[in-house]
Amino acid sequence: MAVLRLFLLFLLAPVLVAQAVRVRRATPRLPGASGPIEGTRGTGQPLRLTVIGESTVDGVGALTHAEALTGQLAAGLARVYPDREVRWQALGITGASARVVLDELVPRVRPADYVVVVLGVNDTLELHSAARYRRDLLAIVVAVRRRIGDVPILLAGVPPLASFPSLPRPLRDVLGARSVALDGAARTLTRLPGVGHVPLVPGLLRPGMFAADRFHPGPEGYRAWAAALSEGLPIVTDGWHPGEVGRPS
């Protein structure tokens, strides 16, 4: 079966390359979100949230970080923990793979009560193997904890590229299968204490939730994604003692 898949990819290679070039030329280049990359939501005892990753953490598709993924996630956490002040930090690089985040963003992570890692699209586009992606994610988890101590870490699911309206077939099918494989590799890291994973299910990002480039989420898409992640964050602390964040009462 693996040999057959490789043979089919070989036959499709000219079509895939042509489609990839066409998509790259036709897709508008949207900037990252403007404004501060940190802020607060709510009042009370501080709850520190750091989100690191690729263009979705950079806020591409939203005007400000308040309406992008990190700001929306902070707003969701403020609702989950109404007696806490959520202090958020967004560290994102458009086009970054997991290895780039490890090298360039992890050294900038400040002490936090939660760390969310949002990656996978660029590793998918660069056709990285599931094994490499898992190794790079594991290195991020280890490096973050070595830097700021034991902290609950949530891995956001790799977006299902099979649902991206900007991608034609068969390119969409090939990249969709690759994104599923990488997401499965990320999910295996939940065997580690204090590491969680929340998949981005295909139905979560409907066509109307994408930005003008039809590749990144718009504010509505970020809101839906953040809602799913905010539900997963308290779960990752179950049975987790070092961070002492705990579930809301």
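The structure this text deals with has already been given above.
Residues numbered from 1 in each chain as written. Predicted model: local features only at pLDDT ≥ 70, side-chain atom pairs only at ≥ 80, totals over all residues. Heavy atoms only, no water.

**Q** If you had to explain the packing of helix H6 (residues 130-148) against helix H7 (residues 171-187) to someone new, which residues and values would you point to?
**A** In contact at an axis separation of 8 Å, H6 and H7 are set at 40° when each is read in the N-to-C sense. When the axes of H6 and H7 are compared, the pair comes out oblique. Crossing hand, H6 versus H7: right-handed. Between H6 and H7, the residues in contact are Ala130, Tyr133, Arg134 and Leu137 and Arg178, Ala181, Leu182, Ala185 and Ala186, respectively. Residues that form the contact of H6 with H7 fall into these classes: seven nonpolar, no polar and two charged. (Axes fitted to C-alpha atoms, helices over the stretch in contact; angles between N-to-C directions. Helix = DSSP H or I, 4+ residues; strand = E, 2+ residues; numbered from the N terminus. Parallel < 35°, antiparallel > 145°, perpendicular 65-115°, else oblique. Left-handed = near helix turned anticlockwise from the far one by under 90°. Contact = heavy atoms within 4.5 Å. Nonpolar A, V, L, I, M, F, W, Y, C, P; charged D, E, K, R; others polar.)

**Q** So, empty space enclosed by the protein: which residues are in play, and what are the values?
**A** What the rule picks out here adds up to one cavity of 30 Å³ or more. Looking at the largest cavity, the residues that line it are Glu54, Ser55, Thr56, Val121, Pro159, Phe164, Leu200, Leu205, Phe215, His216, Pro217 and Trp225. Grouping the constituent residues of the lining of the largest cavity by class yields eight nonpolar, three polar and one charged. (1 Å grid on protein atoms, 1.4 Å probe; cavity = no way out; pocket = protein on both sides within 12 Å on 5 of 7 lines; lining within 4 Å. Points joined across faces, edges and corners; volume = space filled by probe spheres on them.)

**Q** Describe the sheet that holds strand S5 (residues 153-156), with residues and values.
**A** An order of S1-S3-S2-S4-S5-S6 is seen for the six strands of this open sheet, with the pairing classed as mixed. The open sheet has two edge strands, strand S1 (38-41) and strand S6 (195-198), and neither has a second partner. Strand-to-strand twist across the sheet, computed as the mean angle between neighbouring axes with direction ignored, equals 20°. (Pairing = 2+ DSSP bridges.)

**Q** Any chance you could break down the packing of aromatic side chains for me, citing the residues and the numbers?
**A** Evaluation of the coordinates by the stated rule reveals two aromatic pairs. Ring geometry for Phe164 versus Phe210: centroids 5.6 Å apart, planes at 70°, classification edge-to-face. Of the two residues, Phe164 is situated in the loop between S5 and H7 and Phe210 in the loop between S6 and helix H8 (219-236); the sequence distance between them amounts to 46 residues. A relative accessible area of 11% means that Phe210 is categorised as buried. Each ring, one from Phe164 and one from Phe215, has its centre 5.0 Å from the other, and the planes form 90°; the classification is edge-to-face. Note that Phe164 is positioned in the loop between S5 and H7 and Phe215 in the loop between S6 and H8, a separation of 51 residues in sequence. Side by side, Phe164 and Phe215 carry an identical accessibility label, which is buried. Each member of the aromatic cluster is reached from another via a ring pair, and the members are Phe164, Phe210 and Phe215. (Phe/Tyr/Trp six-rings, centres within 6.5 Å; stacked < 30°, edge-to-face > 60°. Buried < 20%, exposed > 50% of the residue type's maximum accessible area, 1.4 Å probe, protein only.)

**Q** Provide a residue-level description of the nonpolar core, including the pertinent values.
**A** By size, the foremost hydrophobic cluster in this structure holds 39 residues, and its most contacted members are Leu49, Leu73, Val116, Val118, Trp225, Leu229 and Leu233. Contributing elements (two or more residues each) for this core: strand S2 (45-53), helix H3 (69-80), strand S3 (84-92), strand S4 (114-118), S5, H7 and H8. The leading source of residues in this core is H8, at six residues. Not counting residues up to four positions away in its chain, the partners in contact with Val116 are Leu49, Thr50, Val51, Ile52, Leu73, Leu154 and Leu233. In this structure, Ala98, Val115, Leu119 and Ile153 belong to the second largest nonpolar core, which totals 27 residues. (Core = buried A, V, L, I, M, F, W, Y, C linked by side-chain atoms within 4.5 Å.)

**Q** Report on the pairing of S6, specifying residues and quantitative values.
**A** Along S6, one buried face is formed by Val195 and His197 and the opposite face, lined by Gly196 and Val198, is buried too. In terms of strand pairing, S5 meets S6 through four bridges, oriented parallel. Its bridge partner being in S6, Leu154 is matched across the sheet by Gly196. Handedness of the crossover joining S5 and S6 through H7: right-handed. (Right-handed = clockwise from strand over helix to strand, strands pointing away.)

**Q** Tell me about the environment of Ile52, and please be specific about residues and values.
**A** In this fold, Ile52 is placed in strand S2. Given a relative accessible area of 0%, Ile52 falls into the buried group. In this structure Ile52 touches Val57, Leu91, Val101, Val106, Val109, Val116, Val117, Val118, Ile140 and Val144, once residues within four positions along its chain are discounted.

**Q** An account of the pattern of salt bridges is needed here, citing residue identities and associated values.
**A** Counted according to the given criterion, the structure contains seven salt bridges. Two residues, Arg99 and Asp136, come together in a salt bridge whose shortest N-O distance is 3.1 Å. Separated by 37 residues along the polypeptide, Arg99 in helix H4 (residues 98-104) and Asp136 in helix H6 bring together distant segments of the chain. A salt bridge links Glu220 to Arg223; the shortest N-O distance between them is 2.4 Å. In this pair, Glu220 and Arg223 are both assigned in helix H8, three residues apart and thus about one turn of the helix distant. The exposure class assigned to Glu220 is partly exposed, which follows from its relative accessible area of 46%. Accessibility expressed as a relative area gives 38% for Arg223, which makes it partly exposed. (Salt bridge = Lys/Arg side-chain N within 4 Å of Asp/Glu carboxyl O.)

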